[in-house]
Amino acid sequence: MNLLNISGSPHVHSDESTKKIMWRVNLALVPALIVAITFFGVNALLVSLISVASCVLFQWLIEKFILKQPTTVWDGSAIVTGLLLAFNVPATVDMMWIVVIGALVAIGIAKMAFGGLGKNPFNPAIVGRIFLLISFPVQMTTWPKPGFTMSFDAATGATPLGAFKEGALPADVTLMDAFLGHIGGSMGEISAIAILLGAIYLLCRKIITWHIPVAFIGTAFVFSGILWLVNPETYMDPVMTIFTGGIMLGACFMATDMVTSPMAKSGQLIFGFGCGLLTIVIRNWGAYPEGVSFAILIMNGVTPLLNRWCKPKRFAV
Amino acid sequence: MKTFRMGGVHPEENKISNDAAIEVMPVGKQMVVLMNQHLGAPATPIVQKGDKVKVGQLIGEAQTFMCANVHSPVSGTVLKIDTCKDAFGLAKPAVYINVEGDEWMETIDRTPDIKRECALEPKEIVAKLKEMGIVGLGGATFPTHIKYSVPEGKKAEYLIVNAAECEPYLTSDYRVMMEHAEEVCVGVSILRKALGVPNAYIGIESNKPQAIAKMQETAKQFEGIIIEPLKVKYPQGAEKQLINAITGRKVGSGKLPIDSGCVVSNVGSCFAVYEAIQKNKPLIENILTVTGKELPSQHNYVVRIGTTYNEIIAHSIGQLPETTGKVISGGTMMGKAVVNLEAPTVKGNSSILVMGEKEARRNPESNCIRCGKCMHACPMGLEPYLFSALVKNNRIEEAKEHNILDCIECGCCFFSCPANKPLTDEIRLGKNKVRAMMAAKK
Amino acid sequence: MTHDILIAVMVLGALGILFAVVLYFVAQKFKVVEDPLIDEVAEVLPGANCGGCGKAGCRAFAEACVSQGNMEGLRCAPGGDAVAAKISALLGCAVEQGEPQVAVVRCNPANCGDKRRSNYDGLKSCAFQNTVYTGESGCPFGCLGCGDCVAACQFDAIHMDPATGTPVVDADKCTACGACAKACPRRVIELRNKGKKERRVYVSCVNKEKGAVAMKSCANACIGCGKCAKVCPMEAITVVDNLSYIDYKKCIACRKCVTECPTKAIHDVGFPAPAVKPAPKPEAPAAEKVEIPVAEKVEAKL
């Protein structure tokens, strides 16, 4: 007979694991990826593949040769980062090499430098995206026009937000377009319905809770609504606000990143509120047309503080 | 359906020995009776080498406050008074008895008739519980007579009987309810009288509909016994959670149930109380489940205390399967892993649970991903991930400030952790360190 | 343009001067008067903050030295005599000499592997494992092998031997600060004198069970037979609770007990390798000459 195992209780474990969580997040990102490929064609597919591959490769290289520890690439977290990074860039030919730099920053600086999965204070994909946005402003804001094409040279156009910042919303963009994804923008953020589909899956799997997305989108809706009521000329209407740009993607996938968001439910509500508020502030009064990634990055920084303030309600007081 | 207000998990129930009726385990050739089978100081042996003892004779006397009497489970001759290694390999004072025949004390009523009336006064009941060495059979083995001696200035308002059996695999309480419902109800009535409370509530998880029906039917014949079906959620049977589920009250940090006017007893203890008060039978037997997915058959036994694990295994299933990875005394969530199968069973042992090799192994630990699942699973509203970090860095003072001592060690945090971090182990270590720190300060 | 620059420079310059003046007065007002000797003493200390002296850190030790005015009862184990001499010189008091010590792991791992009864699968912490059960070997007194001592060591002087699962002390690095001894929940590690020429003899067992019981979990356990105490010419060995203990202050490292011990529980360290025994013959008579009289003495006593 074998030696008896001895440990403290409990002796059973639920079938949850980090690996399962990460692969489920990957699965939840698939609808948005399909929409991206449908609208931006082969470029979107190639950018995603390159981004994911370079994230995985960088993590493997760093673990193997710098940290000299067993590799953890199979837990799927590098793939999540890779997909989210790809979703945050326009699907253009230039991106095929730029995104590799983004992956290096995301994995090397934002994640592994802090000790790997679970120890990074900021969402790696967002750090990567912001690095690229500041370093390659032209390429990062050259948006391909949506429409399926096998060709690499797609026509370029503007995003609804970019156009609005310049003057007014293009007349041909309807709410339905934004909902389905027939608008310009970063490849993963265009279709609200694909993102919501993934988010519902994550909610059912109890990987995310409703607190952050609802607080984020709700705050953005209410705040932009107030502004719109004050002056519908200068401010975008609230429904269009939440369906364009990165709010949906950010609220459902980026802000809900477990590692960089607060743990207590009250903390998550504050976190979501802060994200929504900052997004609208940056969109309306900032230099950039879009503020989701900056908003989430700032709130990531506040997370340790929120974890300290927002404690769960104790049973026995 | 009632339940406690926060946290909790739902492990696989695995009540596979539900339908196995209680069998009687034969008595072995030699019995080793440990002197501390309960929470507190060991009892003092009052027999000597060569003494003849009968079944139910007092052999270990409680000489301190936090202690319980120990009686001989067999008749025969005292071989020696020595130490014996318990199930975890630690030496404990013990009385070795060579079994000769099966001669019971004359005072013990061995007839199968059920005796309902109890003429004793509350104080006499408590004194008799002490004499009979009754301890809580829910796992903590807290001496029952201490629990029912309500201190001055405090008043019991609720008697709560724990029949939730929220632990996976265990079925001994279920079998007791199915086979001894009437005795249990008499026991509950006696305890109700001892406390002087109007009503007793028996909490049963809803995954035992037959037991609920049976108890409800039986309870009709008794005054003041109310059956409360409870939602299936672990740790429903933990004292503080059960009180919360049934009464809605909360037991404060560092407080006892009696501070909230509640007294909680296990359903198995109620059966033992019935036997002790009505039949004069001391606590010399356990009702014990032998179960496990890998075992050829599932059993429930009534076992004399002092029978060794090996004897029980040999009688029930012959020998442990080749693939055995772990033997647990108690359930999977709070039971203890046994290392020494030659050890005798003690009061409160409710199961021998055999786990397969694969099931028993813990998965490798990885980084905390701060998902907060441990926090949401914690029925006490604590932050296990934080304790883990604080204990690792030896920040014991802060762990205390974050109420690490509130932890009931139910294991929900480790159960739900996707990174397989041994959170419950770390918290236990932290609690020990906090207690050591507090003792050093005094 | 120049005008703007000039204004900026002037404003910043004025601010700088203003703050400097404020800082100067604040520093004067809140000046902490501290004995400069403390700094000097702290400078001499190793600065590892190991806590082996019982103080909160090196600086607290320096403060204690200075406030006391001498080194009585104060010893920095990592620094040893050299540091003690330096501090004494600074304080102007007599040098306190202490025997150099080293941490000794009193557990014999040689046979543990065979006697392993279980496989510990919980939190890797000796302090926790100690609360769960006896440990993998079944010995309720011996080393648990999770390495709390290794984690406690500030000097990288104690390491797990992967072959045996017990810690090994690097005597050259060990400063005898005692952190490992404190971390061990079973008090297996003891600080003992390094001994002349670094030669020491000790009982490598802390099991207090009766001989037969102890032997069940470890073939090299001390069974408390007392043979070592009988052969010891210096009466350095006492047997309490079935466990023999060698007083390092009395021991002369004659190694009689080592050969006498039936379970090989007594270890000798720092002696020339056993290769001496079968090798050159010419030395053998010399060795006999030394040994015979002592043996006779012991027999005479009996």
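Definitions and cut-offs
Residues numbered from 1 in each chain as written. Chains lettered and ligands numbered in written order. Predicted model: local features only at pLDDT ≥ 70, side-chain atom pairs only at ≥ 80, totals over all residues. Heavy atoms only, no water. Helix = DSSP H or I, 4+ residues; strand = E, 2+ residues; numbered from the N terminus. Rg over C-alpha atoms; globule rule 2.2 N^0.38 Å. Buried < 20%, exposed > 50% of the residue type's maximum accessible area, 1.4 Å probe, protein only. Contact = heavy atoms within 4.5 Å. Areas by Shrake-Rupley, 256 points an atom, 1.4 Å probe, with all protein chains shown as cover. Disulfide = S-S within 2.5 Å. Buried area = accessible area lost by both parts, 1.4 Å probe. Salt bridge = Lys/Arg side-chain N within 4 Å of Asp/Glu carboxyl O. Nonpolar A, V, L, I, M, F, W, Y, C, P; charged D, E, K, R; others polar. pLDDT = per-residue confidence, 0-100. Axes fitted to C-alpha atoms, helices over the stretch in contact; angles between N-to-C directions. Parallel < 35°, antiparallel > 145°, perpendicular 65-115°, else oblique. Left-handed = near helix turned anticlockwise from the far one by under 90°. Core = buried A, V, L, I, M, F, W, Y, C linked by side-chain atoms within 4.5 Å. Pairing = 2+ DSSP bridges. Domains from an automatic or database assignment. Polar contact = N/O pair within 3.5 Å; in protein donor to acceptor, adjacent residues only side chain to side chain.

Q: Help me get a handle on the overall build of chain B, residues and values and all.
A: Along its length, chain B carries 14 helices and 17 strands. Relative to its length of 442 residues, chain B is compact, with a C-alpha radius of gyration of 22 Å against a globular reference of 22 Å. Within the span of chain B, comprising 442 residues, buried residues form 62% of the whole. Pairs at least 24 residues apart make up 73% of the contacts formed inside chain B by residues separated by at least 6 positions.

Q: Describe in detail the overall build of chain C, supporting the description with residues and values.
A: Counting its secondary structure elements, chain C contains 12 helices and nine strands. Per-residue burial for chain C yields a buried fraction of 37% across its 302 residues. Considering only residue pairs separated by 6 or more positions, chain C has 58% of its internal contacts joining residues 24 or more positions apart. Total accessible area computed for chain C in this model is approximately 17300 Å², and 60% of it derives from carbon and sulfur atoms.

Q: I'd love a proper account of the state of the cysteines, names of residues and values included.
A: Residue and element names in this part refer to chain C. All told, the structure shown has zero disulfides over all chains when counted by the stated rule. Left without a disulfide partner, Cys 174 is nearest to the cysteine sulfur of Cys 180, which lies 6.1 Å away. Given the relative accessible area of 12%, Cys 174 is considered buried. Cys 225 takes part in no disulfide bond, and the closest cysteine sulfur to it belongs to Cys 228, at a distance of 5.9 Å.

Q: Could you give an account of the interface of chain A and chain B, with specific residues and numbers?
A: Interfaces are frequently sized by the accessible area removed from exposure as the parts join. Each partner contributes residues to the interface: chain A has 38 residues there, and chain B has 65 residues. Here chain A meets chain B over a buried area of about 4300 Å², counting both sides, of which 54% is carbon and sulfur. Looking only at chain A, the three residues that lose the most surface to chain B are His11(A), Met263(A) and Phe315(A), adding up to 21% of its buried area. For the interface between chain A and chain B, the tally reads two salt bridges. Here Asp406(B) makes a salt bridge to Arg314(A), at a shortest N to O gap of 2.9 Å. Counting only elements with at least two residues in the side of chain A that touches chain B, the list comes to strand E1 (4-6) and helix H1 (18-40) of chain A. In terms of residues, the side of chain A that touches chain B owes the most to one element, E1(A), which gives three residues. When the residues that make up the side of chain A that touches chain B are grouped by side-chain class, the tally is 16 nonpolar, 15 polar and seven charged.

Q: Give me the confidence of the model for chain C: which residues, what numbers.
A: On average, residues of chain C score 82 in pLDDT, and 87% of them are at 70 or above. Counting interchain partners and residues more than four positions distant, the pLDDT-below-50 stretch residues 276-302 of chain C has eight contacts.

Q: Now, about the packing of helix H5 (residues 124-135) of chain A against helix H14 (residues 292-309) of chain A: what can you tell me, with residues and values included?
A: Residues and elements named next belong to chain A. The geometry of H5 relative to H14 is characterised by a closest axis approach of 10 Å and an angle of 130° between their N-to-C directions. The angle between the axes of H5 and H14 places the two elements in the oblique class. Crossing of H5 against H14: the hand is left-handed. Taken together, the residues of H14 that come into contact with H5 (itself represented by Ile 126, Val 127, Arg 129, Ile 130 and Leu 133) are Ser 293, Phe 294, Ile 296 and Leu 297. Residue classes in the contact of H5 with H14 are distributed as seven nonpolar, one polar and one charged.

Q: Please give an account of the nonpolar core that cites residues and values.
A: Formed by 147 residues in total, the largest nonpolar core has its most connected members in Val47(A), Phe87(A), Met187(A), Phe253(A), Ile296(A) and Leu341(B). Considering every element that reaches this core, the biggest residue donor is H1(A), with 11 residues. Dropping the residues within four chain positions of it, Met187(A) is found in contact with Leu33(A), Ala36(A), Phe40(A), Ala44(A), Val47(A), Ser48(A), Ala86(A), Phe87(A), Val89(A) and Ala91(A). Judged by nonpolar contacts, the second largest core, of 53 residues, contains Val188(B), Ala200(B), Ile204(B) and Val273(B).

Q: Quick rundown of the packing of helix H3 (residues 77-87) of chain A against helix H4 (residues 95-111) of chain A? Include the residues and the values.
A: Residue and element names in this part refer to chain A. Contact pair H3 / H4: the axes reach a minimum separation of 10 Å and the direction vectors enclose 135°. Overall, the two elements H3 and H4 adopt an arrangement that is oblique. Two packed elements cross with a definite hand, and for H3 against H4 that hand is right-handed. Taken together, the residues of H4 that come into contact with H3 (itself represented by Ser 77, Ala 78, Thr 81 and Leu 85) are Val 99, Gly 102, Ala 103, Ala 106, Ile 107 and Lys 111. Broken down by class, the residue content of the contact of H3 with H4 amounts to six nonpolar, three polar and one charged.

Q: Before we move on, can you summarise the environment of Lys227(C) with the specific residues and values?
A: Residue and element names in this part refer to chain C. Positionally, Lys 227 belongs in helix H10 (residues 227-231). With 72 residues separating them in the primary sequence, Lys 227 and Phe 155 have C-alpha atoms 38 Å apart. Setting aside chain neighbours within four positions, we find Lys 227 in contact with Glu 260 and Pro 262.

Q: How would you explain the pairing of strand E7 (residues 76-85) of chain B if you had to name every residue and give the values?
A: All names here are of chain B. Pairing of strand E4 (residues 52-53) with E7, which is carried by two bridges, proceeds in the antiparallel orientation. Bridging from a neighbouring strand, Lys 52 pairs with Thr 77 of E7. What sits between the antiparallel neighbours E7 and strand E8 (residues 91-99) is a turn of five residues, in which Gly 89 has the positive phi angle 85°.

Q: Summarise the domain arrangement of chain C; cite the residues concerned and give the values.
A: All names here are of chain C. Examined at the domain level, chain C breaks down into domain 1 (36-91) and domain 2 (101-271). Distance from the C-alpha centre of domain 1 to the C-alpha centre of domain 2: 31 Å. Tallying the contact residues gives seven residues for domain 1 and six residues for domain 2. Across the domain 1/domain 2 interface, buried area totals approximately 490 Å², and carbon plus sulfur atoms make up 61% of it. Looking at the side of domain 1 facing domain 2, the largest losses of area belong to Cys 50, Ala 77 and Pro 78, adding up to 60% of the total buried there. Put simply, domain 1 and domain 2 have zero residue pairs in polar contact (both at pLDDT 80 or more) between them.

Q: Tell me about the pattern of salt bridges, and please be specific about residues and values.
A: Taken as a whole and judged by the stated rule, the model has 38 salt bridges over all chains. In this structure, Glu383(B) and Lys311(A) form a salt bridge, with 3.0 Å as the shortest nitrogen-oxygen distance. Residue Glu383(B) is found in the loop between helix H10 (373-377) and helix H11 (384-392), and its partner Lys311(A) is found in the segment after H14; the two belong to separate chains. Classification of Glu383(B) by relative accessible area gives buried; the value is 5%. We classify Lys311(A) as partly exposed; its relative accessible area is 32%. Note that Arg59(C) is salt-bridged to Glu63(C), the shortest N-O span being 3.9 Å. Residue Arg59(C) and its partner Glu63(C) are located together in helix H3 (residues 58-68), separated by four residues, close to a single helical turn. Residue Arg59(C) is classed as partly exposed on the basis of its relative accessible area, which comes to 32%. One salt-bridge network, in which partners are shared between bridges, spans Asp102(B), Glu275(B), Lys281(B), Glu285(B) and Arg304(B).

Q: Quick one: what's the story with unusual backbone geometry, residue by residue and with numbers?
A: The omega angle of the peptide bond from Ser9(A) to Pro10(A) is -5°, so this bond is cis rather than trans. Here Pro10(A) shows up in the loop between E1 and H1. Across the junction of Tyr234(B) and Pro235(B), the peptide omega takes the value -5°, indicating a cis bond. Note on placement: Pro235(B) falls in the loop between strand E11 (225-230) and helix H6 (239-247). Notably, Glu409(B) is not glycine yet its phi reads approximately 60°, a positive angle. Relative to the helices and strands, Glu409(B) is located in the loop between helix H12 (396-401) and helix H13 (412-416).

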